[in-house]
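# Descriptive structure summary
Take a look at the letters that make up each chain.
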Amino acid sequence: MGNPAVLATFTMVLIGFVNRLLIFALLLVITFYLPRLLPGDPLEVMVASEYTRGLNAGEIQQLRIHMGFEGSWLDQLAAYGFGILHGDLGYSFRHAAPVADIIIQPLGWTLFLILLALPIFLITGVACGIEAGRQPHGGIDRFLTGAMTLLASLPPFVMAIGLLLVFAILLPILPASGAQPLFPAQGMVAHAIQILLHALLPALALAMHEIVRFFFVARSEAISLSTRPFLLNARARGIYGVRERVDYYGRNIFPAIASRLSDAFSGLISGALFVEIVFSYPGIGLVLYKAIGERDYIVIQSTVLLLSIFILSFNWIIDTLVLLHSRRG
């Protein structure tokens, strides 16, 4: 018979995986029905355009069948779910291309923004939280807590507009929009620098709200640690500076930070939808925004489901790592 602790851990990990599969199935149904509650459908939007205005009723009916809008919503859901199980995200008639080809490249740009924002908010938020929590209610703590409270009241799109106004218009030191210049540099290194500069403002706007979240988490943990005997003993032995902050605060705060990374990832995804629109950044948020306006059901469904897969998978991995860490003590 196996180790009971190992068996219990494996059971909890498996339950977490099954729960996320059930959530994904529920999201599949929700993302199918919600776009269809919008007024109009993709065919009506297409027929209203100049390109298809001359179609007669028979041609419109044939087009409706060809686009998969014939039959009940339940029949359409079954056909869509069958395609998902076979790895087929569908075909967008609006773009005349498979959905996978439409969303894969923008998804890469969005993930690049998130990866760039990740070290910004982790390092800044945790470092400021530790600094504030080391001496609670002191001058540094009052200043940082007040600044973070003010920052928390600003929605992501307001932060994005503010950064755009200051650093791209009033002080034009960074690009205002896009992911790369119209005429990219020829060298690989120069081109990579151009891409980084274009992503810097959107990534900073994306990180601002998460900085607040991790500041308050780190501050709360640091305040609790400041009264612990091992830390008081370290200070009595003259341990201060970087070593104190990293070895004594940082390592003990890490589990609390890691447990909130899954929530942060979902927040970054939702924040990217606003930030990419403000900066006209060609990520998945901009694709979703245009698809809603065009009533492109298949792109809306597949985009939301793909993002859900990333969020649920990341959430499950982080929860598993935190569980394993806690089991080790």
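About the thresholds
- Residues numbered from 1 in each chain as written.
- Predicted model: local features only at pLDDT ≥ 70, side-chain atom pairs only at ≥ 80, totals over all residues.
- Heavy atoms only, no water.
- UniProt positions renumbered as here; feature names shortened; annotations may be inferred.
- Helix = DSSP H or I, 4+ residues; strand = E, 2+ residues; numbered from the N terminus.
- Expected span 1.5 Å × (residues − 1).
- Bend = angle between axes of the 7 residues up to and from the residue.
- Buried < 20%, exposed > 50% of the residue type's maximum accessible area, 1.4 Å probe, protein only.
- Core = buried A, V, L, I, M, F, W, Y, C linked by side-chain atoms within 4.5 Å.
- Contact = heavy atoms within 4.5 Å.
- Axes fitted to C-alpha atoms, helices over the stretch in contact; angles between N-to-C directions.
- Parallel < 35°, antiparallel > 145°, perpendicular 65-115°, else oblique.
- Left-handed = near helix turned anticlockwise from the far one by under 90°.
- Nonpolar A, V, L, I, M, F, W, Y, C, P; charged D, E, K, R; others polar.
- Salt bridge = Lys/Arg side-chain N within 4 Å of Asp/Glu carboxyl O.

The protein chain is annotated in an unreviewed UniProt entry as ABC transporter permease from Microbulbifer spongiae. Per UniProt, the comment on the protein chain under Sequence similarities (unreviewed entry) is "Belongs to the binding-protein-dependent transport system permease family." What the UniProt record of the protein chain gives under Subcellular location (unreviewed entry) is the line "Cell membrane".

Another aspect to go through is helix H11 (residues 261-278). Its 18 residues place the ends of H11 25 Å apart at the C-alpha level, agreeing with the 26 Å of an ideal helix rising 1.5 Å per residue. Largest kink in H11: about 30 degrees, centred on alanine 272. The set of residues buried in H11 consists of Leu261, Ser262, Ala264, Phe265, Leu268, Ile269, Gly271, Ala272, Val275 and Glu276. Where H11 ends, the next residue or the one after it, serine 280, has phi of about 50 degrees, a positive value.

It is worth spelling out the nonpolar core at this point. Membership of the largest hydrophobic core comes to 76 residues, with the highest contact counts inside it found for Ile103, Leu206 and Val299. If near-sequence neighbours (up to four positions away) are discounted, isoleucine 103 is found in contact with Leu89, Ile284, Val287, Val299, Ser302, Thr303 and Leu306.

Our next topic: unusual backbone geometry. Residues other than glycine seldom take positive phi values, yet histidine 137 does so here, at roughly 70 degrees. Mapping histidine 137 onto the fold places it in the loop between helix H5 (99-134) and helix H6 (139-152). Although it is not a glycine, serine 280 adopts a positive phi angle of roughly 50 degrees. For serine 280, the location among the structural elements is in the loop between H11 and helix H12 (284-294). Serine 280 sits in the partly exposed class, given a relative accessible area of 41%.

For the rest of this paragraph, the subject is the UniProt feature "transmembrane region" (unreviewed entry) in the protein chain. Sequence positions flagged by UniProt for "transmembrane region" (unreviewed entry) are, in local numbering, residues 12-34, 107-130, 150-175, 195-216, 268-292 and 298-318. Annotated as residues 195-216, this span is 100% helix and 0% strand, and its ends, taken at the C-alpha atoms, are 32 Å apart. Structurally, residues 268-292 comprises 80% helix and 0% strand, and the distance from its first C-alpha atom to its last is 20 Å.

Okay, the packing of H6 against helix H8 (residues 188-225) next. Running from N to C, H6 and H8 cross one another at 140 degrees; their axes reach a closest spacing of 9 Å. As the angle between them shows, H6 and H8 are arranged oblique. Note on packing geometry: the crossing formed by H6 with H8 is left-handed. In contact with Asp141, Leu144, Thr145, Met148, Thr149, Leu151 and Ala152 of H6, H8 contributes Met208, His209, Ile211, Val212, Phe215, Phe216 and Arg219. Its residues assigned to classes, the contact of H6 with H8 shows nine nonpolar, three polar and two charged.

Throughout the structure, instances matching the rule amount to nine salt bridges. The salt bridge involving aspartate 247 is made with arginine 243; its shortest N-O contact spans 3.9 Å. With aspartate 247 and arginine 243 both in helix H10 (residues 241-259) and four residues apart, the pair spans about one turn of that helix. By relative accessible area, aspartate 247 is classed as partly exposed at 29%. In the salt-bridge network here, residues are joined through shared partners; they are Glu131, Arg134, Arg235, Glu244 and Arg245.

Before going further, it helps to examine the environment of alanine 132. Locating alanine 132 in the fold gives a position in helix H5. Judged by relative accessible area, which is 0%, alanine 132 ranks as buried. When the C-alpha atoms of alanine 132 and phenylalanine 216 are compared, they prove to be 9.3 Å apart, with 84 residues separating the residues in sequence. Among all residues touching alanine 132, those that are not within four sequence positions of it are Asp141, Leu144, Phe215 and Arg219.

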